[in-house]
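Structural description and commentary
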Amino acid sequence: SFFLYLNQMAKKPKRKTLVRKLDQIFSLYIRARDADKKGICTCCTCGKKLPIKQIHCGHFMSRRHMSTRWDEENVSAQCSSCNTFRSGEQYKFALFLNEKYNTDKSSELLQKSRQTTKYSILDLEEMIEHFKTLLKNL
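All of the points below concern the structure found in this document.

Basis of the calculations
All residue numbers here refer to positions counted from 1 along the written sequence of the relevant chain. Restriction of local features to residues with pLDDT of at least 70 applies here, the model being predicted, together with a cutoff of 80 or more for giving and counting side-chain atom pairs; totals for whole chains, interfaces and linings are based on all residues. Remark: hydrogens and water are excluded; side-chain values derive from all non-hydrogen atoms of the structure. Here, a salt bridge means any side-chain nitrogen of Lys or Arg that lies within 4 Å of a carboxyl oxygen of Asp or Glu. Each helix corresponds to a stretch of at least 4 residues labelled H or I by DSSP, and each strand to a stretch of at least 2 residues labelled E; elements are numbered beginning at the N terminus. Partly exposed describes any residue whose relative accessible area lies between the buried limit of under 20% and the exposed limit of over 50%, with all areas from a 1.4 Å probe on protein chains only and scaled to the type maximum.

1. Quick look at the pattern of salt bridges
Close approach of charged atoms lets side chains of opposite charge pair. All told, the structure shown has nine salt bridges when counted by the stated rule. With its nearest N and O atoms 3.5 Å apart, the salt bridge here joins Asp-23 to Arg-63. Remark: Arg-63 occurs in the loop between β3 (55–59) and α3 (66–69) and Asp-23 occurs in helix α2 (residues 15–34); sequence separation between them is 40 residues. Put simply, Glu-89 and Lys-92 hold a salt bridge, and the shortest N to O gap is 3.9 Å. Judged by its relative accessible area of 18%, Glu-89 falls in the buried class. With a relative accessible area of 39%, Lys-92 lands in the partly exposed category. Several salt bridges share partner residues, and in doing so they unite Asp-23, Arg-63 and Arg-69 into one network.

What follows is the structure, encoded as structure tokens:
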């Protein structure tokens, strides 16, 4: 009925939908952040250079860890071979992060990934807006 339709229109977005949307905007931001002026990214683990559309947003600590899933220091441009077919090349990724941040970043991220984090709907919406803004300002 019409009232059921109105009720559905007023519903808050589902967590799953927001997580998917946040993953998308976060991935766009990371790849744009790591691209050069010509839109070319360098894989953080093998050094292959690829256009932004052909590169992945590689996670050092797996996306299943919500505490580091959208941590900018946990991710970097990575080619599909390293990210997908070589399971993210975690050892090489760790070396890359430690050199990039000039600290034991890989151990810090490992510790952070072990923390339990539950984001509210509002948290997710705010992060979507945050990364949209960062993307616009690149």
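This is not the end of the story, as more comes after the structure.
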